[in-house]
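Spelled out, the chains give:
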Amino acid sequence: MAKLVIQGNGPLNGRVAISGAKNSALPCLTACILSSEPVTLTNVPQVDDVATMCTLLSELGMGVRNLSHGVEIDGSSIHAHATRYDLVKAMRASILALGPLLARLGRAEISLPGGCAIGARPVDLHINALKQLGAEITLEHGNIEARCTRLKGTEIYFDKVTVTGTENVLMAATLAEGTTVIHNAALEPEIEDLAHLLRAMGAQIKGEGTSTIAIEGVRELKGATHEVIPDRIETGTYVCAAAITAGHLFIDKCRPNHLSRFLEQMQRVGLPLSVNGDTIEVKPHTGLLGKDVQTMPHPGFPTDMQAQYMAVMTQAKGRSLITESIFENRFMHAVEMKRMGADIRIDGHNAIVTGPTNLSGTDVQATDLRASASLVLAGLVADGETVIHEIQHLARGYDRLDEKLVMAGARIERVAI
Ligand code: UD1
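Throughout what follows, the structure given in this document is the object of discussion.

## What to know about the site of the ligand
Neighbouring the ligand are 18 residues; Asp124, Thr162, Thr164, Asp304 and Ile326 lie closest to it. Within the backbone of proline 122, an N or O atom sits 3.2 Å from an oxygen atom of the ligand. A distance of 2.6 Å separates an oxygen atom of the ligand from a polar side-chain atom of aspartate 304. When residues of the shell around the ligand are traced back to their parent elements, those giving at least two are helix 5 (124-132) and helix 6 (163-173). Top element by residues in the shell around the ligand is helix 5. It accounts for three residues.

Have a look at this one:
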């Protein structure tokens, strides 16, 4: 166990390179269940969720080999269909094994993910869609138990846009008999990335990146090599790090078009930035203005950037109304920021931030992945020392965040406790 000790000090300056996207690497890893041939994934981020997913796959009997440039997953030896409760508890994205296990083995047993720090987060949409594809699914003793012969393609209408739900059905449908059409599919770049991997494995998919995805099932999928896309949320977090410190940062190896709405918002608040290929240059600003924002499914403003944006708004002039419309309980960072001196009022799904305020360093508690990142950002501009506890949340999804910030001039120490 460790804590992060941050000394607030002036503007960041330098370059950071973005790692592969956690939220793309996870479904790509479970997609490997679909084939009996090895799949090599490159640009895989070194984060705890990826390690947890690799453990899950190896406990199913799959070969997991770390390579210098990625990871090779060999599905030829898969022999189990059940995942441990501990793994699902550690990482809700374990649910991504459900569709592929059903499609490949005709059986899956996965603990029912409970609620989490940011909301209830049910998986009913995943389960209903897989039932429509012909799976028999029962919920007993806290487990999802699913069986099928060969899944049968059909029309799936999602009542609500769900990212991992779309991914689960997309993966399951690749080996189903006939055609599956997913309506109201999620549009996130991670869905497109998964579809690109599946297509390289021999899947027949059309329409990824739009709200209607059609999949023509095939008998089997083969091995492939695939490079995971850069992490757009990590990218946005460094944009916020530069913004909150009024720094000058070059953010390399990213895909700026994957976070257009977010970048547009940052420009609206007065952040000077420019895009050159796969680099975003954030220039020093002389003051930011508070502006309202509402989280929405892609291509809207990402819920995964809400906490970091809130940290920046504490330093912007005026009032910003931040509306969280995806998750019901995603303002826990606000409570900790208030303890640092921020002026934030929570009213249901709305947070009203009035700035700028001087933040002062203190002990704060990380509650979830993105909340942790927002507290690190707040610590970069706080007076004195900010100590972030429970940083295991950070390690789940950020590849060496503290190291990369230190390279850009931040004073952050990781202290064992
Ligand atoms: C994914 C991301 C997460 C991001 C979220 C929203 C991964 C591994 N995680 O999570 O980082 O914050 O998208 O962009 O990619 N819902 C239901 N029933 C379901 C499924 C979802 O009611 O069966 C609700 C959720 O509670 C939530 C909304 O739908 O209110 C969207 O959730 P969803 O898109 O499914 O989020 P995840 O895929 O879990």
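## So, the packing of helix 10 (residues 306-313) against helix 12 (residues 369-381)
Two elements in contact, helix 10 and helix 12, have axes separated by 7 Å at closest approach and are oriented at 20 degrees. As far as their axial angle goes, helix 12 and helix 10 are roughly parallel. For the crossing formed where helix 10 meets helix 12, the hand is right-handed. Each of Ala307, Gln308 and Ala311 in helix 10 lies in contact with helix 12, whose residues at this interface are Arg370, Ala371, Ala373, Ser374, Leu377 and Ala378. Per-class residue counts for the contact of helix 10 with helix 12 are six nonpolar, two polar and one charged.

## Digging into the nonpolar core
Formed by 76 residues in total, the largest nonpolar core has its most connected members in Leu29, Leu41, Leu151, Leu170 and Leu198. Setting aside chain neighbours within four positions, we find leucine 198 in contact with Ala31, Leu34, Leu170, Met171, Thr174, Ala203, Ile205 and Leu221. Counting 65 residues, the second largest nonpolar core, distinct from the first, contains Ile18, Cys254, Leu359 and Ile388.

What counts, and where the lines are drawn
Residues numbered from 1 in each chain as written. Predicted model: local features only at pLDDT ≥ 70, side-chain atom pairs only at ≥ 80, totals over all residues. Heavy atoms only, no water. Near = heavy atom within 4 Å. Polar contact = N/O pair within 3.5 Å; in protein donor to acceptor, adjacent residues only side chain to side chain. Helix = DSSP H or I, 4+ residues; strand = E, 2+ residues; numbered from the N terminus. Axes fitted to C-alpha atoms, helices over the stretch in contact; angles between N-to-C directions. Parallel < 35°, antiparallel > 145°, perpendicular 65-115°, else oblique. Left-handed = near helix turned anticlockwise from the far one by under 90°. Contact = heavy atoms within 4.5 Å. Nonpolar A, V, L, I, M, F, W, Y, C, P; charged D, E, K, R; others polar. Core = buried A, V, L, I, M, F, W, Y, C linked by side-chain atoms within 4.5 Å. Buried < 20%, exposed > 50% of the residue type's maximum accessible area, 1.4 Å probe, protein only.

Any functional reading would require information beyond the geometric quantities listed.
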